[in-house]
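Residues per chain, in single letters:
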Protein chains: 2
Amino acid sequence: MNIQDELDNFREIIDLELKKTLDVDKSYQKNIYESMDYSLFTGGKRLRPIMNLKSCQMFSGEFEQSIPYAIAIEMIHTYSLIHDDLPPMDDDDTRRGRPTNHKVFGEDMAILAGDGLLNLAFETVLRYIDKREENISFRKAIRALKEISEYSGVNGMIGGQVVDIQDDRETMTKDKLIFMYEKKTAALFQGALVSGAIVAGANDDEIEIIRDFGYKLGMAYQIRDDILDFEEDIAIGKLTYLNFYDLDKAEEKVEEYSRDAILILDKLDNRDTNFFKSLTKELVSRTI
Amino acid sequence: MNIQDELDNFREIIDLELKKTLDVDKSYQKNIYESMDYSLFTGGKRLRPIMNLKSCQMFSGEFEQSIPYAIAIEMIHTYSLIHDDLPPMDDDDTRRGRPTNHKVFGEDMAILAGDGLLNLAFETVLRYIDKREENISFRKAIRALKEISEYSGVNGMIGGQVVDIQDDRETMTKDKLIFMYEKKTAALFQGALVSGAIVAGANDDEIEIIRDFGYKLGMAYQIRDDILDFEEDIAIGKLTYLNFYDLDKAEEKVEEYSRDAILILDKLDNRDTNFFKSLTKELVSRTI
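## Side note on the overall build of chain A
Moving on, step 1. Within chain A one finds 13 helices and 2 strands.
Moving on, step 2. A compact globule built from 288 residues would reach a C-alpha radius of gyration of about 19 Å, and chain A, at 19 Å, matches this within 12%.
Moving on, step 3. The dimensions of chain A, computed from C-alpha atoms along their principal axes, are 55 × 55 × 35 Å.
Moving on, step 4. Across the 288 residues in chain A, those meeting the buried criterion constitute 59%.

## Considerations on the side chain of A:Glu147
Residue and element names in this part refer to chain A.
Moving on, step 1. Secondary-structure assignment places Glu147 in helix 7 (residues 137-152).
Moving on, step 2. On the basis of relative accessibility, which here comes to 9%, the residue Glu147 falls in the buried class.
Moving on, step 3. With residues near it in sequence (within four places) discarded, Glu147 still touches Val194, Ile198 and Arg211.

## Quick look at the interface of chain A and chain B
Moving on, step 1. Each partner contributes residues to the interface: chain A has 55 residues there, and chain B has 55 residues.
Moving on, step 2. Both sides of the chain A and chain B interface together cover about 5,200 Å² of buried area, and 63% of this is carbon and sulfur.
Moving on, step 3. Summed over the shared surface of chain A and chain B, the result is 6 salt bridges.
Moving on, step 4. Residues A:Asp130 and B:Arg143 are paired through a salt bridge, measuring 2.8 Å at the closest nitrogen-oxygen approach.
Moving on, step 5. The interface formed by chain A and chain B contains 26 residue pairs in polar contact (both at pLDDT 80 or more).

## What to know about the packing of aromatic side chains
Residues and elements named next belong to chain A.
Moving on, step 1. Within this structure, the stated rule accounts for 16 aromatic pairs over all chains.
Moving on, step 2. For the pair Phe189 and Tyr221, a centre-to-centre distance of 5.2 Å together with 55° between the ring planes defines the contact as tilted. Here Phe189, found in helix 9 (residues 174-200), pairs with Tyr221, found in helix 10 (residues 204-228); they are 32 residues apart in sequence, far enough to count as distant. One exposure class covers both Phe189 and Tyr221, and it is buried.

## Considering the relation of the copies chain A and chain B
Moving on, step 1. Rotating chain A by 180° and translating it 0.0 Å along the rotation axis places it on chain B, where the RMSD comes to 0.0 Å. The two molecules are tied by a two-fold rotation axis, judged by turn and shift.
Moving on, step 2. Both copies contact each other with a shared surface, as 100% of the interface residues of chain A are interface residues in chain B too.

## Thoughts on the environment of A:Asn2
Residue and element names in this part refer to chain A.
Moving on, step 1. Along the polypeptide, Asn2 turns up in the segment before helix 1 (3-22).
Moving on, step 2. For Asn2, a relative accessible area of 44% corresponds to the partly exposed category.
Moving on, step 3. Taking the C-alpha atoms as reference, Asn2 lies 24 Å from Gln65; in sequence the two are 63 residues apart.
Moving on, step 4. Within polar-contact distance, the side chain of Asn2 engages the backbone nitrogen of Asp5 at 2.9 Å.

## Structural notes on the nonpolar core
Moving on, step 1. Ranked by size, the top nonpolar core spans 155 residues in total, and within it A:Ile32, A:Met51, B:Ile32 and B:Met51 carry the most contacts.
Moving on, step 2. Leave out the neighbours within four places in its chain, and A:Ile32 touches A:Met109, A:Leu112, A:Ala113, B:Val154, B:Ile158 and B:Val162.

## Side note on helix 6 (residues 107-131) of chain B
The periodicity of an α-helix, 3.6 residues per turn, causes residues three or four places apart in sequence to face the same way.
Moving on, step 1. Compared with the 36 Å implied by 1.5 Å per residue over 25 residues, the 36 Å span of helix 6 of chain B between its first and last C-alpha is a close match.
Moving on, step 2. Within helix 6 of chain B, 20 of the 25 residues are buried, which leaves the element mostly enclosed by the surrounding structure.

## Some remarks on the pattern of salt bridges
If the charged atoms of two oppositely charged side chains come close together, the side chains can form a pair.
Moving on, step 1. Throughout the structure, instances matching the rule amount to 46 salt bridges over all chains.
Moving on, step 2. Residue B:Asp93 pairs with B:Lys103 through a salt bridge whose shortest N-O separation is 3.7 Å. Note that B:Asp93 is positioned in the loop between helix 4 (67-85) and strand 1 (94-95) and B:Lys103 in helix 5 (residues 101-105), a separation of 10 residues in sequence.
Moving on, step 3. On the basis of relative accessibility, which here comes to 43%, the residue B:Asp93 falls in the partly exposed class.
Moving on, step 4. A salt bridge links B:Glu208 to B:Arg211; the shortest N-O distance between them is 2.8 Å. Within this pair, B:Glu208 and its partner B:Arg211 are both found in helix 10 (residues 204-228), separated by 3 residues, close to a single helical turn.
Moving on, step 5. Connected through salt bridges with shared partners, the residues A:Asp15, A:Arg46 and A:Glu74 form a single ionic network.

## Let's talk about helix 7 of chain A
Moving on, step 1. Between its first and last C-alpha, helix 7 of chain A extends 23 Å over 16 residues, near the 22 Å set by a 1.5 Å rise per residue.
Moving on, step 2. The element helix 7 of chain A is extensively covered by neighbouring structure, given that 13 of its 16 residues are classed as buried.

## Digging into the environment of A:Phe244
Residues and elements named next belong to chain A.
Moving on, step 1. Inspection of the secondary structure puts Phe244 in the loop between helix 11 (230-236) and helix 12 (247-265).
Moving on, step 2. C-alpha of Phe244 to C-alpha of Leu177: the two residues are 67 residues apart in sequence and 9.3 Å apart in space.
Moving on, step 3. Among residues more than four places away in sequence, those in contact with Phe244 are Met172, Thr173, Lys174 and Leu177.

## Some remarks on unusual backbone geometry
Residues and elements named next belong to chain B.
Moving on, step 1. Backbone geometry at Arg46 places phi at a positive 60°, although glycine is not the residue there.
Moving on, step 2. Within the fold, Arg46 resides in the loop between helix 2 (30-40) and helix 3 (47-58).
Moving on, step 3. Owing to a relative accessible area of 3%, Arg46 belongs among the buried residues under this scheme.
Moving on, step 4. The backbone of Asp91 shows a phi angle near 55°, a positive value even though the residue is not glycine.
Moving on, step 5. Mapped onto the secondary structure, Asp91 falls in the loop between helix 4 and strand 1.
Moving on, step 6. For Asp91, a relative accessible area of 43% puts it in the partly exposed group.

## Remarks on the side chain of A:Thr21
All names here are of chain A.
Moving on, step 1. Looking at where Thr21 falls in the secondary structure, it is placed in helix 1.
Moving on, step 2. The exposure class assigned to Thr21 is buried, which follows from its relative accessible area of 16%.
Moving on, step 3. For Thr21, the contacting residues outside a window of four places in its chain are Ile71, Met75, Leu120 and Thr124.

## Some points on the packing of helix 1 of chain A against helix 13 (residues 274-284) of chain A
All names here are of chain A.
Moving on, step 1. Two numbers describe how helix 1 lies on helix 13: the axes approach to 10 Å, and their chain directions differ by 100°. Accordingly, the angle class assigned to the pair helix 1 and helix 13 is roughly perpendicular. Along the contact surface, helix 1 presents Ile3, Gln4, Glu6 and Leu7, while helix 13 presents Phe275, Ser278, Leu279 and Glu282.
Moving on, step 2. A breakdown of the residues in the contact of helix 1 with helix 13 according to their chemical character gives 4 nonpolar, 2 polar and 2 charged.

## Thoughts on the packing of helix 10 of chain B against helix 12 (residues 247-265) of chain B
Residue and element names in this part refer to chain B.
Moving on, step 1. Helix 12 packs onto helix 10 with a crossing angle of 160° between their chain directions and a minimal axis gap of 8 Å. Judged by the angle between their axes, helix 10 and helix 12 are roughly antiparallel. Here helix 10 and helix 12 pass one another in a crossing that is left-handed. Taking contact as the criterion, the partners of Ile209, Ile210, Asp212, Phe213, Tyr215, Lys216, Leu217, Met219, Ala220, Ile223, Arg224 and Ile227 in helix 10 are, on helix 12, Leu247, Ala250, Glu251, Lys253, Val254, Tyr257, Ser258, Asp260, Ala261, Ile264 and Leu265.
Moving on, step 2. The class makeup of the residues in the contact of helix 10 with helix 12 is 16 nonpolar, 1 polar and 6 charged.

Here is what the cut-offs are and how they apply
- Residues numbered from 1 in each chain as written.
- Chains lettered and ligands numbered in written order.
- Predicted model: local features only at pLDDT ≥ 70, side-chain atom pairs only at ≥ 80, totals over all residues.
- Heavy atoms only, no water.
- Helix = DSSP H or I, 4+ residues; strand = E, 2+ residues; numbered from the N terminus.
- Rg over C-alpha atoms; globule rule 2.2 N^0.38 Å.
- Buried < 20%, exposed > 50% of the residue type's maximum accessible area, 1.4 Å probe, protein only.
- Contact = heavy atoms within 4.5 Å.
- Buried area = accessible area lost by both parts, 1.4 Å probe.
- Salt bridge = Lys/Arg side-chain N within 4 Å of Asp/Glu carboxyl O.
- Polar contact = N/O pair within 3.5 Å; in protein donor to acceptor, adjacent residues only side chain to side chain.
- Phe/Tyr/Trp six-rings, centres within 6.5 Å; stacked < 30°, edge-to-face > 60°.
- Least-squares fit on C-alpha atoms with pLDDT ≥ 70 in both.
- Core = buried A, V, L, I, M, F, W, Y, C linked by side-chain atoms within 4.5 Å.
- Expected span 1.5 Å × (residues − 1).
- Axes fitted to C-alpha atoms, helices over the stretch in contact; angles between N-to-C directions.
- Parallel < 35°, antiparallel > 145°, perpendicular 65-115°, else oblique.
- Nonpolar A, V, L, I, M, F, W, Y, C, P; charged D, E, K, R; others polar.
- Left-handed = near helix turned anticlockwise from the far one by under 90°.

Structure representation (structure tokens):
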């Protein structure tokens, strides 16, 4: 199967599972479900949950075992976008060509919908683990969720957003920018990949290899983003890699990170790494 | 020990544990720790974490086992206050006599600090569970956190806040108001009590008894709040129990809920329920 077909297949699986999670009895608070649903279904690429499921599969797990984690990660990603778009943050009116959550549901509901999605991410996985039979994989189930919680928290994704809001042209440095990219972008890639690997029963070496891969892929992805959004970012005065390096250097870094990412995958000599190699090439050479 | 001394003792334990949780290596995102710290230490009564620890103790658990849950619950309570105070929500400038989080750290940081605390709540407990030896209490550890996640989520605390923001004088009904109180106030009391009981190894009947107790106590507590804040609430146009019932009826309901709460405790005939009986009397007769 070529990578586009595979991505489409997995996207469908994830969409269906997300729908199921929201399909519960509701009461007077039903509007928050509409608000969460709106942002969960705005044509996202489902990149992080797909990485999670494919990582699980690569390490010989049934990808179905990792579905609660995959949708939790997509919920976390989505909540961060809702909060990021709020007026005190980036103040964005549109995302992927549609009005942002707070433009449709109001700022108060957007705050709660974000909170709700973050909470629901944990709730979903905890409910799934609680229903399992007690067995050896119980500990793995916890460890996978713990990894996600660390990558999404104040020393992960949220930590990156802190640097994003607090530093400006005067105070931003190369070091801080790299820290921000590690946390804002690479962290959730790593959380997705590592948790899928843990659920599958990958060994410690394999887990560290996929963690490193996630880091390199995340950094390549983010700098590619900067290159693609170069003109738009200048227009809105956004600080990116291109405030510190020129376009040639940025292209070079994308090449370097993605080459490293693929070399890291070669260490997994007993595993079929073709999907992640293709994904890396696909993502770093993308034009949108 | 009288109840005031006991509350003071436990408050100290909780403050110390909360401090420890924030005492980690920080990097460029260190400001968010200041923001979280500011709101965690504004003279809160630590009611919910104390309920958690005392519930664990009442059911013959070592209360130390429940400490990660206790501080997680306080973090969840605190994040909800930070977000609740934001301008698009209640737009409060002060809380407990001090400037609200966003007044000190800005709205953007207050949003992230709230997100950070919610995430850290789960992170803290998951890290604790992950470090445990695998044994029979592993499942209980998960179940306790699952209960908290459900009580704090869109069908719990957040659900109550949704009704709070969306309903006004025209649309609020008695039913919705009771739903809101169940979710906004009673839910987190229940989460605290039930999780402590589960960690301690309480049996299913006991868990349901303490769950019912939490409900009654939460409702009594909230209506007492309405009575205490009566004049202030009128001034700011806040919708409360007293928009539907007069003061006598409200006093009667507080009496009824607290009497029920104490009667429920009597079902736990093998347990020392004195602390919770005293706490109930203390909370419903309070004047601040």
